[in-house]
Amino acid sequence: MAEGPQRIDEFMNEAEVFYLATVDGDKPKNRPLGFHLLKDDKIYFGVGNQKEVYRQLTVNPNVEVVAVVGTDFLRYYGKAVFEETYDFADSIVAGNEFLQSIYNDETGFKLAVFHLEEATAEIRNIAGEIMESYNF
């Protein structure tokens, strides 16, 4: 069995769609995402810098990612830390035609890439029992 980030990446790949929860003032916000990337033992996520989710993350970086596979679910939570430049994001966009249609000079939108620090990942069964747990 894969360990840590690799195991979380595998779980999210199997789920295909996962959900990112943020805080907007005193209200929770949740949205589906499909992009993640495992690189150098970190799982990266991307959001558009023009979106409310980006603003929410810059105001309050505490987030939770949830993915479901069958009757098991992943809870991956911590603090979002954005890349300081857009170089990494630009390389991701360059390799993806769909992302290029959104994040380009014409729209002016940029993909903001982040990973989680001070993070915990738990894979639980439907009864809520922790089957696997990792700290990053």
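Caption draft 1: The arrangement of helix α1 (residues 4-15) in detail. The end-to-end C-alpha distance of α1, which contains 12 residues, comes to 17 Å, matching closely the 16 Å that a straight helix rising 1.5 Å per residue would cover. Of the residues making up α1, those classed as buried are Gly-4, Pro-5, Arg-7, Ile-8, Asp-9, Phe-11, Met-12 and Ala-15. Once α1 finishes, Glu-16 follows within two positions and takes phi at roughly 70°, a positive value.

Caption draft 2: View of the packing of aromatic side chains. Within the structure shown, the criterion is met by 7 aromatic pairs. When the centroid spacing of 5.6 Å and the interplanar angle of 70° are considered together, the rings of Tyr-76 and Phe-136 count as edge-to-face. Here the residue Tyr-76 occupies a position in strand β6 (residues 72-82), and Phe-136 occupies one in the segment after β8 (130-135), the gap between them amounting to 60 residues. You can call Tyr-76 buried: its relative accessible area is 3%. The structure contains a cluster of three or more aromatic residues connected by ring pairs, namely Phe-18, Phe-45, Tyr-54, Tyr-76, Phe-82, Phe-114 and Phe-136.

Reading guide: rules and limits
- Residues numbered from 1 in each chain as written.
- Predicted model: local features only at pLDDT ≥ 70, side-chain atom pairs only at ≥ 80, totals over all residues.
- Heavy atoms only, no water.
- Helix = DSSP H or I, 4+ residues; strand = E, 2+ residues; numbered from the N terminus.
- Expected span 1.5 Å × (residues − 1).
- Buried < 20%, exposed > 50% of the residue type's maximum accessible area, 1.4 Å probe, protein only.
- Phe/Tyr/Trp six-rings, centres within 6.5 Å; stacked < 30°, edge-to-face > 60°.

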